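# Summary of structural features
One letter stands for each residue in the lines below.
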Amino acid sequence: PAAEMANLSVSTAPKGTAKRDALCASEVEVQAMWEREKAFESNPCYDEDGNKKEKFIVTFPYPYSNGHLHLGHAFSLTKAVFRAQFERNRGKNSLFPFAFHCTGMPIQAAANKLKSEIELYGVPPKFPEEDPEVRAQMEAELAAAAKAKADKQAAGGKAKGGKTKLIQKTGTGIVRQWNILKRMVPEEEIPKFADPIYWLMHFPPIGVDHMKRFGSGVDWRRAFITTSVNGYYDAFIRWQFNVLKQKGKVLFGKRNNVYSLVDGQVCADHDRSEGEGVGPQEYVLIKLKVLEPDHGQERHGKMEKLLKRVEDEGKKGVYFVPATLRPETMYGQTNCFVLPTGEYGAYYVDATDEVFIMSARSARGLSCQAYDAANDVYFTKEFGKIECLETFTGDELLGLPLKAPNATYEKVYTLPLLTISMGKGTGVVTSVPSDAPDDYVALKALKDKPDFAAKYDITPDMVEPFDVVPIISIEGYGDASAVFMCEKLKISSFNDKSKLAQAKDETYLKGFTIGVMTYGPYAGKKVSE
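Just so it is clear, the model here is predicted, and its values are computed rather than measured. (Residues numbered from 1 in each chain as written. Predicted model: local features only at pLDDT ≥ 70, side-chain atom pairs only at ≥ 80, totals over all residues. Heavy atoms only, no water.)

## A look at helix H16 (residues 497-514)
The following threshold applies: Only DSSP runs of H or I reaching four residues or more are called helices, and only runs of E reaching two or more are called strands; each is numbered from the N terminus. What a helix should span is 1.5 Å times the count of its residues minus one. Exposure categories follow from relative accessible area, calculated using a 1.4 Å probe and restricted to protein chains: below 20% of the type maximum is buried, above 50% is exposed, and the middle band is partly exposed. Working note: the arc is built from the helix axis to C-beta atom directions.
Over its 18 residues, H16 runs 25 Å from end to end, which matches the ideal 26 Å to within 8%, given 1.5 Å per residue. Leu 500, Ala 501, Ala 503, Thr 507 and Gly 511 are the residues of H16 that are buried. End-on, the buried residues of H16 take up no more than an arc of 165°, which puts them together on one face.

Following this line, the structure appears as structure tokens:
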């Protein structure tokens, strides 16, 4: 190579782009020479005395192969390239191997998304947002959702950017996998990417070509892709885990995690297109048994039929199952809340022979969880699948009588709460107005505003007899901390979101850390105990 380098020359050039063009031409000529001379292939090497040359190896984090390498890769790569070349020029036997990362969920998720788009919209796809009016409506809805999310984070003191990386890059919330690929590959080739393996065949070779043109100095004999498609790499990873297991450094078993039903595997933090940092949230489900409707309301017809069916089939009953983080407060239940416009289902739970009223999202999650982990018994017979016996709107569930466990009242009713998020918990909320500011404000609104209650066909006997039940004493806050905080902050409506968030944070924190139970078998003990 030294001799050839001596014969290379860079021609002078006039003004304009000629100088740049001459440099690019020289670059191509030099890189062709490197390729011919195998300049960066590192083999066992000895000095004049027959001793092995000092070795040096540099590595680079495997770039993910779901697209082309970008400027960020190039910037980081310069450091590795420089060091490898520097040590080679110092006379060391310098080795720079390389690999492309293909494991994990991003490629699989992108392939699934593309497959779904093709099935729904054809090839080439005709997306609904191609209509300007539809696009404007979709973007308005996405903007409203982003604003609501930002407002909620601001109210909770967790303000941060609400956009995903992809939305930041594309400038819109309407993101289609087809359009992403259209920027990188010929459109007629895009359908092939519905197969995740095709990504592995397409992008890594392009990455190799780009890095050669970058002058990366890699020994490409020592390059590979990850995943089980590469049998050698797969065997290496298996060997690692087998050795670690033999040494007792790793255990095999099950634990709660974020799981993708579509892909049939755990979806780790950096495998997600959004939601990094989100982990499993443990809730306790409280079973409120549905009693026979007692107000003759027409909207309860579907529930009456379901109750009869469950009784005829010998099942153990129908239950509303609100999810709570505070089971110790159940002694103070006065009612149960649902979202009037929410969509709910009656789901059969095999493990308990009961029917649970909850959102479809939460039912799907329940079907993936163990009822008796020690004996490998799940809530449903088939993992990830649960039988829906009936569907309801939230309005069809309002006014139903319920038997709430541990409550002081023999019977409570289902009432409307407009701030329920169907994407959180089960979409059903049990009400403890003594220690939950949101519950207190909602119950008080139904009592103080007859027109509001009448709008949802809530009769006075469903709300008037149910007073706050003191269950936890907090020094400085009394035995009904939610009432204390709402009066202190002058909260008059559930539209006072920032004040309600403040009241909730303070009452929950004080209740857990210094609160003392005043009701039930644990009276006199601290909540934290």
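## A word on unusual backbone geometry
Omega for the peptide link from Val 123 to Pro 124 comes to -10°, which places this bond in the cis form. By secondary structure assignment, the location of Pro 124 is in the loop between helix H4 (105-121) and helix H5 (132-155). Unusually for a residue other than glycine, Lys 38 sits at a positive phi of about 50°. For Lys 38, the position within the fold is in the loop between helix H2 (18-37) and strand S1 (55-57). Even without glycine at this site, Asn 406 takes up a positive phi of about 70°. Along the chain, Asn 406 falls in the loop between strand S17 (401-403) and strand S18 (412-416).

## Here we look at the side chain of Thr 324
Selection rule: We call two residues in contact whenever any of their non-hydrogen atoms come within 4.5 Å of each other.
Positionally, Thr 324 belongs in strand S10 (residues 323-324). If we ignore the near neighbours within four places in the chain, the residues touching Thr 324 are Tyr 283, Val 284, Ile 286 and Met 330.

## A short note on the packing of H4 against helix H8 (residues 196-214)
Quick note on the threshold: Only the stretch in contact is used when fitting a helix axis, every axis being a line fitted to C-alpha atoms; angles between N-to-C directions are given from 0 to 180 degrees. By definition, any crossing whose near helix is turned counterclockwise from its far helix by less than a right angle is left-handed, and any crossing with a clockwise turn is right-handed. Classification used: nonpolar for Ala, Val, Leu, Ile, Met, Phe, Trp, Tyr, Cys and Pro, charged for Asp, Glu, Lys and Arg, polar for all others including Gly.
Where H4 meets H8, the axes come as close as 8 Å, and the angle between the chain directions of the two elements is 115°. In the crossing of H4 with H8, the sense of the turn from one axis to the other is right-handed. Taking contact as the criterion, the partners of Ile 107, Gln 108, Ala 110 and Ala 111 in H4 are, on H8, Pro 196, Trp 199 and Leu 200. Partitioning the contact of H4 with H8 into residue classes produces 6 nonpolar, 1 polar and no charged.

## Some points on the confidence of the model for the chain
What counts is decided by this rule: What pLDDT expresses is the predictor's confidence in each residue, scored from 0 to 100.
Residues at a pLDDT of 70 or more form 93% of the chain, whose mean pLDDT is 89. Here helix H6 (residues 165-170) stands out as the element of the chain with the lowest mean pLDDT, 48, in contrast to strand S9 (residues 318-320), whose mean of 98 is the highest.

## So, the environment of Arg 326
For Arg 326, the position within the fold is in the loop between S10 and strand S11 (335-338). Exposure remark for Arg 326: the relative accessible area of 11% places this residue in the buried category. Considering only alpha carbons, one finds Arg 326 and Ile 197, 129 residues apart in sequence, at a separation of 46 Å.

## What to know about the pairing of S18
Short version of the rule: Two strands pair under a simple rule: DSSP has to find at least two bridges between them.
Counting buried residues in S18 gives 5 out of 5 residues, a clear majority hidden from the surface. Two elements, S11 and S18, share 3 bridges in a ladder whose sense is parallel. When the sheet's bridge partners are listed, Cys 336 is paired in S18 with Thr 414.

## Quick word on the nonpolar core
We count it as follows: What is meant by a nonpolar core is a set of buried Ala, Val, Leu, Ile, Met, Phe, Trp, Tyr and Cys residues, joined one to another through side-chain atoms within 4.5 Å.
Within the largest apolar cluster, 66 residues are counted, with the highest numbers of intra-cluster contacts made by Met 303, Leu 306, Val 318, Phe 320, Ile 357, Leu 397 and Leu 415. Per-element tally for this core: the top contributor is helix H13 (residues 437-448), with 6 residues. Here Val 318 is in contact with Leu 288, Lys 289, Val 290, Met 303, Leu 306, Leu 307, Val 310, Val 355 and Ile 357, once residues within four sequence places are set aside. Formed by 29 residues, the second largest nonpolar core is a distinct cluster that contains Phe 98, Leu 114, Leu 181 and Ile 190.

## Side note on the pattern of salt bridges
As a reminder of what qualifies: For this document, the term salt bridge refers to a Lys or Arg side-chain nitrogen within 4 Å of an Asp or Glu carboxyl oxygen.
This structure, assessed with the given rule, holds 27 salt bridges. Linked by salt bridges that have partners in common, Glu 54, Arg 83, Glu 87, Arg 90 and Lys 92 make up one network.

## Regarding the sheet that holds strand S16 (residues 387-393)
The 9 strands lie next to each other as S16-S12-S13-S9-S8-S17-S18-S11-S19, forming an open sheet whose pairing is mixed. The two strands at the open ends of the sheet, each matched to only one other strand, are S16 and strand S19 (428-431). If you compare each strand with its neighbour and ignore which way they point, the axes differ by 35° on average. Note: S9 against strand S13 (residues 354-358), 3 bridges, orientation parallel. When the sheet's bridge partners are listed, Val 318 is paired in S13 with Val 355. Relative to the sheet, H13 contacts S11, S18 and S19, its axis offset from that of S11 by approximately 95°.

## Thoughts on a nonpolar patch on the surface
What counts is decided by this rule: Patches here: salt-bridge-free residues with over 30% relative accessible area, like charges joined within 9 Å, nonpolar side chains (Val, Leu, Ile, Met, Phe, Trp, Tyr) joined within 5 Å. All accessible-area figures derive from a Shrake-Rupley calculation using a 1.4 Å probe, and residue coverage is judged against the displayed protein chains alone.
On the surface, a cluster of nonpolar side chains totalling about 320 Å² of accessible area is made up of Tyr 259, Leu 261, Val 266 and Phe 383. The residue Tyr 259 is located in strand S5 (residues 259-260) in this model.

## With respect to the environment of His 202
Applied cut-off: Here a polar contact means two N or O atoms within 3.5 Å. Within protein one must be a hydrogen donor candidate and the other an acceptor candidate, and residues neighboring in sequence count only if both atoms are side-chain atoms.
In this fold, His 202 is placed in helix H8. C-alpha separation for the pair His 202 and Gly 67, spaced 135 residues apart in sequence, amounts to 9.1 Å. Not counting residues up to four positions away in its chain, the partners in contact with His 202 are Val 185, Glu 189 and Phe 193. In this structure the side chain of His 202 is engaged in a polar contact, spanning 3.4 Å, whose partner is the side chain of Glu 189.

## Examining the environment of Arg 183
Of note, Arg 183 is situated in the loop between helix H7 (177-182) and H8. Residues Arg 183 and Gly 67, spaced 116 residues apart in sequence, show a C-alpha to C-alpha distance of 9.9 Å.

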